[in-house]
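Listed here are the chains, written in short residue letters.
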Amino acid sequence: MLFKDLRKGLAVTIGYLFRRPVTVQYPDEKLIPPVRSRWRHYLGVFPDGKIRCIDCGLCERVCPPKVIKIIPVINEDGTKSAGKYEIDLGRCMYCGFCVEVCPELAILMSSEDYEFANYDRDKLVYQKESLLKGRNKDNE
Amino acid sequence: MADINFFIDGVPVSAKPGETILQVANRYGIYIPAICYSDRFSSPIGACRICIVVIEQLPEEDLRTHLEAHHPVATGKCSRPMPACVMKPKAGTYVWTNTDALKQARAEIVKKWDRYHPLQCGVCDASGECELQNANLEFNITSGLEQDFDNLPQKTIHKEWPIVNNDPHLCIQCKRCVKICDDVMGVKALALVKKEWGGFEIDTPDGSPLDCEFCNQCIDICPTGSLESKLFMYKAKSWEMEHIVSGCFFCPAGCELELNVKDNKILRVTSHLPSFNDGNLCNLGAFAYDMNENNRITAASINDKEEDLNNVIGQTYEDLKKITDKYGTDSVAIVCDSSISSEAMVSAKRLADLIGTKNMLFPEAEGIIKLDMALEKAGLLRQPSYDQIKNSETIFAIGTDLTNSIPLLDWFIIRKSKSKTKKGKLILAHYRESKLDKLKPVKLRYNPGSERELLLLLIQKLAGQKTLEFVKNLPEPDTLIKITGVDAESLETAAGQIKSGKLSVMVDTMLLEKSGIAELLADLAIASGNQASAIGFWPISRKSNIKGAERLLLDNRDYCLDKAGFTQRLAEGDLHAIIHFGNSIERILPAPIVSKIADIDLFVKFATHEIGKTEAKKNLVIPVATAYEEDSHYINLEGKLFKAKKSIEPKKDILPVQSIVKLIAEKFNTIMSPIKIKNDFTFKDSAQLNYLEYEYKPIEEIEPKQYPYRLIVEHSRFRSDVSTSFGSGPKIARAAGYAEISSGLAEALDLKSDDKIKIVSKSGQCEASLLISNDLPDNLVVVPDGFSDINPMSLFSSNDWCEHVNIEKAGGNQ
Ligand code: SF4
Ligand code: SF4
Ligand code: SF4
Ligand code: FES
């Protein structure tokens, strides 16, 4: 048959034309990520607003690409908290080890907030302030 | 005594007499868990019982089959569990360290500790180096704790203690802290005290806030986070810090330590075993590390105006050139502190060579050089080692409080006193009490200023008639006894003990500067009847590199300008420029000399810390790096070169001394090679011992009416160089300088403790708060050195350490 290969190829293409598309028209259209997916980190707080992190250092230690950095402070009541908390989300591999290891449930990962792409790598280094903000409903 | 042969876990081992089973096992690399045991103690505690073992006595033939079958478990009847750290082995016994029953018993012990232990490893500073965590891991304790947090005993957390934070909730009552404070420090500040709730807690015996030497030993040895340093609290986790092995440069002992560094900051200082200081550190070594951040000079300046470093270096060169062109190279003098590194000292000498001057002055090293000169003549010049102290029969210390001068020697002596076999003898000749008096030494209390007479008395007791051959004008013993005020009986005992064998003589370098002292000490050592090799001389100073200064000066004897010569040249207007390597020249030279510096043309200072101010017509200040910020070398008291490692990056524009001198050398068109300090110095041994001639002249001390009290400068274990005043630890332990007088005098003058008083001498005055002591003679005023807020040198009018002062209430119009 003439143009056998060409016809075969086109058949596939035409076949796809009539099927439902697999991709979505992001950002006009958005998918709902699976409930157990791991996206942006955020820091938990107690009901009185106090940060939960006690700087035990386990997440810093367990993090494979070593992108977490905490500098502790001593609070007025003599307890220890994270004074600074920094995660480089640009280098994070989203393994979730930090969440798993945290004994205080202080570091969590959002299951839906994945929209934090940026043109600047530096802006992906998230500080405590921004990690405390933008919590999703798991934290409420 | 013969070695004892026995078996541990089927391995044949042999114990030296006196060794415990645990020590033998450690030596053979057989692991027995141990918590309360430490090599740093003179004897075991036996409190934790983690080290339990069982001992089995098998008949000979059973043993053979037993071993041949290679079956390393107990088969016969075993003893009940015994602590291996306490038990001495018996010949032919079989010790089993790891039977199932033992494993279980150990796990039970750990569970007992865990029972009320708060689950707060997350914030505990010990986490990661905690022996309780390790024990839980080792015995795989994961369940069955029966923790009962509802009925936790209410223990008192001692937040009010300075430096040491004591949280008894974390304590496992191993008593290591109690032991080390008693056994090593001889302080006994801690005890296991029964509390109202029915149990025991670590506390001070009388419950008052801790007031001790703040030495770090208990913090360092606590297996848990119960005792922690407040200066380190919550700063970093143990695994995050880099441990940089270095040496301490705060006093000439040069203890080995580890700087714990994170993010270019020293966060704490720890130590390790084995080390010659047995892992011990004093307050300065352990807690003065942040002096590196406080009160630093950060920029070069000309007449107090900040300038670019290169400008100041250029200016230094030009000014020196001008002065040497005009007045000759001999018009420049270089003055060095004795607490700067050997590299800095050699740089100073290279600078002297570049300029072409030989005027180098090490004011603080004058005593040590005098001693060396005398010892050389007497044939006694040698470098003793720390082992020599441990082995010497007799230690004779004169004019020095070792606890406050060289803590390491204090620990050696305390450790010696605990030893069963090598106790040795101790003679303390001093004008007041000291911590070592607890060891019941022979005490020779003399009137300050009568050291020569005291030495003459001792020499006469030892050498008898022969004394007259080398001492001219020797007065009658009775006269000498009257002048010294020493107790005749103690004198007799002391003389007897000095004769009894190997001798270590410890003497303060300030005392050595007085004429005749060095010669008489040499004579005394010879009169003791010892070989030269059995005599060790220990010049005691607080200046960390005094031995480095000694070496430099002995190697370059023609570079030696003494204080008298310097004073004279300055007075005659011969000197036009002074270059000082050190923080504050007014702390190493008497006030009238310092005030003369105002007339000279140029004063250049290479300093690390902002302290004091010396005004000449033109002042240049060049900031330099501390020993934390560069690799440098120091020489310790036993003559060993050691390296103080660079552990942090200095700020911009702060360079090591040698780099700056290199830049200056470039202006002189010279390329300076890097400095390498070698450890190849040896003293020339001499076979012949000669008595040194001495002519006795009674010293008429005029006590002018308006200055009725004798001024004495003492060392404090909480300060050495003034820069240590800027460390947090020393500041907490002793916030400010003080003036000490006897209670009798205080009463007579109607003064109370902590009153602000003014000390006035011929040449100056200073203010200090008053401390009243019971052990001082009534005619003394004692002032410590090294405190940034009070400078004893400002009271001295000459170089001979003999000054009289008056005191009055400050602010009063007396
Ligand atoms: S002492 Fe040890 S076991 Fe206790 S909280 Fe601290 S690290 Fe954890
Ligand atoms: S700091 Fe030293 S002197 Fe003070 S309690 Fe601890 S071991 Fe004893
Ligand atoms: S405070 Fe520390 S060293 Fe002292 S008994 Fe308790 S656990 Fe042992
Ligand atoms: S180590 Fe032997 S009883 Fe503690």
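Residues numbered from 1 in each chain as written. Chains lettered and ligands numbered in written order. Predicted model: local features only at pLDDT ≥ 70, side-chain atom pairs only at ≥ 80, totals over all residues. Heavy atoms only, no water.

Caption draft 1: Looking closely at the pairing of strand β2 (residues 11-15) of chain B. Residues and elements named next belong to chain B. As paired elements, strand β1 (residues 4-8) and β2 share 5 bridges and run antiparallel to each other. Note that in β2 the partner of N5 across the bridge is S14. If you look at the hairpin formed by β1 and β2, you'll find 2 residues sitting between the two strands, and D9 has a positive phi there, around 50°. (Pairing = 2+ DSSP bridges. Helix = DSSP H or I, 4+ residues; strand = E, 2+ residues; numbered from the N terminus.)

Caption draft 2: The layout of surface pockets, seen in detail. All names here are of chain B. Here the largest pocket is characterised by a volume of approximately 1100 Å³. Looking at the largest pocket, it is lined by 31 residues, and the ones nearest its centre are Q23, F41, S42, R415 and S419. Broken down by element, the residue count for the lining of the largest pocket peaks at 4 residues, all from helix α13 (residues 407-418). Broken down by class, the residue content of the lining of the largest pocket amounts to 9 nonpolar, 8 polar and 14 charged. The volume enclosed by the second largest pocket comes to roughly 850 Å³. Taken together, 39 residues form the lining of the second largest pocket, with E131, R176, D220, I221 and C222 sitting closest to its centre. Elements supplying a minimum of two residues to the lining of the second largest pocket: α1 (21-27), α4 (131-138), α6 (217-221), β9 (227-229), β12 (265-270) and α7 (283-287). Of the residues in the lining of the second largest pocket, the class split is 20 nonpolar, 11 polar and 8 charged. Structurally, the lining of the second largest pocket is a two-domain feature, drawing no fewer than three residues from each of domain 1 (4-98) and domain 2 (146-292). (1 Å grid on protein atoms, 1.4 Å probe; cavity = no way out; pocket = protein on both sides within 12 Å on 5 of 7 lines; lining within 4 Å. Points joined across faces, edges and corners; volume = space filled by probe spheres on them. Nonpolar A, V, L, I, M, F, W, Y, C, P; charged D, E, K, R; others polar. Domains from an automatic or database assignment.)

Caption draft 3: Structural context of the confidence of the model for chain A. Averaged over every residue, the pLDDT of chain A is 90; the share at 70 or more is 95%. Segment residues 136-140 of chain A is flagged for pLDDT under 50; beyond a separation of four residues in sequence, or across chains, it makes 12 contacts in the model. (pLDDT = per-residue confidence, 0-100. Contact = heavy atoms within 4.5 Å.)

Caption draft 4: Focus on the pattern of salt bridges. Summed over the entire model, instances satisfying the criterion amount to 48 salt bridges over all chains. Residues D263 of chain B and K69 of chain A are paired through a salt bridge, measuring 3.1 Å at the closest nitrogen-oxygen approach. Of the two residues, D263 of chain B is situated in the loop between β11 (256-262) and β12 and K69 of chain A in strand β2 (residues 68-74); the pairing between them involves two chains. Overlapping salt bridges bring together D55 and E60 of chain A together with K237, E240 and K262 of chain B as one network. (Salt bridge = Lys/Arg side-chain N within 4 Å of Asp/Glu carboxyl O.)

Caption draft 5: Here's a closer look at the nonpolar core. Residue and element names in this part refer to chain B. Membership of the largest hydrophobic core comes to 100 residues, with the highest contact counts inside it found for L380, F396, I398, L444, L521, I579 and F581. The leading source of residues in this core is helix α19 (residues 517-527), at 9 residues. The residue makeup of this core includes at least three contributed by each of domain 3 (301-359 + 561-667) and domain 4 (367-540). Ranked by size, the runner-up nonpolar core spans 75 residues in total, among them V178, C282, Y289 and I395. (Core = buried A, V, L, I, M, F, W, Y, C linked by side-chain atoms within 4.5 Å. Buried < 20%, exposed > 50% of the residue type's maximum accessible area, 1.4 Å probe, protein only.)

Caption draft 6: The arrangement of the packing of aromatic side chains in detail. Residue and element names in this part refer to chain B. What the rule picks out here adds up to 17 aromatic pairs over all chains. Summarising the aromatic geometry, the rings of F249 and Y628 are spaced 4.8 Å apart at their centres and angled 70° between planes, so their arrangement reads as edge-to-face. Note that F249 is positioned in the loop between β10 (242-247) and β11 and Y628 in the loop between β25 (619-623) and β26 (632-635), a separation of 379 residues in sequence. A single burial state applies to F249 and to Y628, both of which are buried. On the numbers, 5.2 Å between centres and 75° between planes, the contact of F796 with W801 is edge-to-face. F796 gets classed as buried once you look at its relative accessible area, which sits at 1%. Residue class for W801 comes out buried when judged on its relative accessible area of 15%. Ring-pair connections join several aromatic residues into one group, and the members of that group are F249, F250, Y628, Y634 and F642. Sitting above the plane of the F232 ring, R268 keeps its charged end 4.5 Å from the centroid. (Phe/Tyr/Trp six-rings, centres within 6.5 Å; stacked < 30°, edge-to-face > 60°. Lys NZ or Arg CZ within 6 Å of the ring centre and 35° of its normal.)

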